[in-house]
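# Coordinate inspection notes
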Amino acid sequence: MDESRRAPLADSSLALLAKGYTWLPDRRRRTTAPLVRARLMGQHAVALHGTGAVRFFYDEQHVERGSAMPGPVLSTLFGHGAVHTLDGLRHRGRKEMFLSELTGPKAVAGVVDEVAAAWEEAVRSWPGRRVVLFDEASRVLTRGVCRWAGIPLDDADALARDLVAMVDGFATAGPRHWRARRARARREAWLGRLVEDVRAGTASAPDGSVLEAVVRHRDSDGRLLDPRTAAVELLNVIRPTVAVCWFVSYAGHAMRRPDVRDGLRGDDAAYAVAFAHELRRFYPFAPFVGGRAVTDLDWHGEPIPAGALVLLDLYGQNHDPGLWDDPYAFRPERFLGHPPARDELIPQGGGDRATGHRCPGEDITVALLATLAPRLARLEYEVPEQDLRIPLNRVPARVRSGFVLDAVRVPVPVG
């Protein structure tokens, strides 16, 4: 039976917490309506799906993002006052700073080169010890992105733990959530002091660095960002980059298939990029994104009242058999000669990154994975007995063991 056009009386918040990534796709399969209706945290919510829904969702005349961000998410993942909380001209003005720093061949190559160098430094210490790939990748990414961004590091390992905690605790209650809050407060204070020191001339920001850009940025009102907001936006550069460690551990998980690992061991750059796209499509990262209806809307004959929560189903779309042949099979070759369309593959959201809320660092994510995955594939290692499950009721999901490598051997370069 189709769901009512009115919000259900029963609240689904606990069901969402219990089911995680599968909650929304399961609800969608149980209705023939073009959207899913639910009540979440006492509010009327509707969930959309499909490439047309992506365009609808990211149209600011339909949905605005700022007021829909729950406080706990801002206190852990994004930060209060972040670009994610802005809409319209204020959002576009702040977003332009991110676009100028995070997009284009020069920016992508800069991050990738620093992270690749940090990887090569790290792997020299791996032989003779057991390596947890998730943890090692987080430290490598932290060192690389901070060098590139011009952010001085005293303790890269501690910063990596805090950046991982912010991502790991945003969608849950209990110890993980409070660990994330403490990590964010600690790092906002640290970077806020750095911003003040640069402005006072007692610390320097390398010319052309992200640190310099954020410290000097003026919003659409002509004012410099206050130190705390500047710290928030610096974290919104380095935190998502370090979150690529989720996909690096997934890469190890995917390489248990010899054909996939062999495909990455060659010098086939196209296969490495296809692998990166398939990794982001197949493995769970964000279950959905949300906004709020600006006015009374209509979606294929279904009314959406003003103020309702509007969800865009990311995980469900990335596993939709209407879009992907055999969607629950890991097949990098599906992207060989067929790069994903803008609103088709949406692991980090969709829409236009220049005018909307799509992640401006998406090209960096793909380039990092296409660079690190072949390096991992060329190592010799054993995969000892461990818990390789990826529970879909945990958000964000991750390989339970972190993907452990044993007996690592680094090939000696020839020539």
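First things first, this report covers the structure right here in the doc. The structure displayed is predicted, hence computed values, not measured ones.

Scoring rules and cut-offs
Residues numbered from 1 in each chain as written. Predicted model: local features only at pLDDT ≥ 70, side-chain atom pairs only at ≥ 80, totals over all residues. Heavy atoms only, no water. Helix = DSSP H or I, 4+ residues; strand = E, 2+ residues; numbered from the N terminus. Rg over C-alpha atoms; globule rule 2.2 N^0.38 Å. Buried < 20%, exposed > 50% of the residue type's maximum accessible area, 1.4 Å probe, protein only. Contact = heavy atoms within 4.5 Å. Areas by Shrake-Rupley, 256 points an atom, 1.4 Å probe, with all protein chains shown as cover. Lys, Arg positive; Asp, Glu negative; His and termini not counted. Charge placed at Lys NZ, Arg CZ, Asp CG, Glu CD. Core = buried A, V, L, I, M, F, W, Y, C linked by side-chain atoms within 4.5 Å.

### Quick word on the overall build of the protein
Looking only at helices and strands, one finds 16 helices and ten strands in the protein. Against the compact-globule benchmark of 22 Å for 415 residues, the protein has a radius of gyration of 21 Å, which places it among compact chains. Viewed in the frame of its principal axes, the protein has a C-alpha envelope of about 65 × 55 × 40 Å. Evaluated residue by residue, the protein yields a buried proportion of 58% over its 415 residues. Look at the contacts in the protein between residues 6 or more apart in sequence, and 71% of them connect residues 24 or more apart. When the accessible surface of the protein is totalled, it reaches about 17,600 Å², and 53% of it is carbon and sulfur. Charge-centre separation for the protein: the mean point of 56 positive side chains lies 4 Å from the mean point of 53 negative side chains.

### Quick look at the nonpolar core
Counting 100 residues, the largest nonpolar core has Trp 119, Trp 126, Phe 275 and Leu 279 as the members making the most contacts within it. By residue number, the principal contributor to this core is helix H16 (residues 362–378), which donates ten residues. Ala 53, Ala 293, Ala 308 and Ile 346 belong to the second-largest nonpolar core, a separate cluster that totals 19 residues.

### Topic: unusual backbone geometry
The residue after Val 395, namely Pro 396, is reached through a cis peptide bond having omega -5 degrees. Take Pro 396: it is sitting in the loop between strand E9 (380–382) and strand E10 (404–409). Its identity as a non-glycine residue notwithstanding, Met 41 has a phi of 50 degrees, on the positive side. Relative to the helices and strands, Met 41 resides in the loop between strand E1 (36–40) and strand E2 (43–48). For Met 41, a relative accessible area of 57% translates into the label exposed. Located in the positive-phi region is Phe 403, a residue other than glycine, with phi close to 65 degrees. Here Phe 403 shows up in the loop between E9 and E10.

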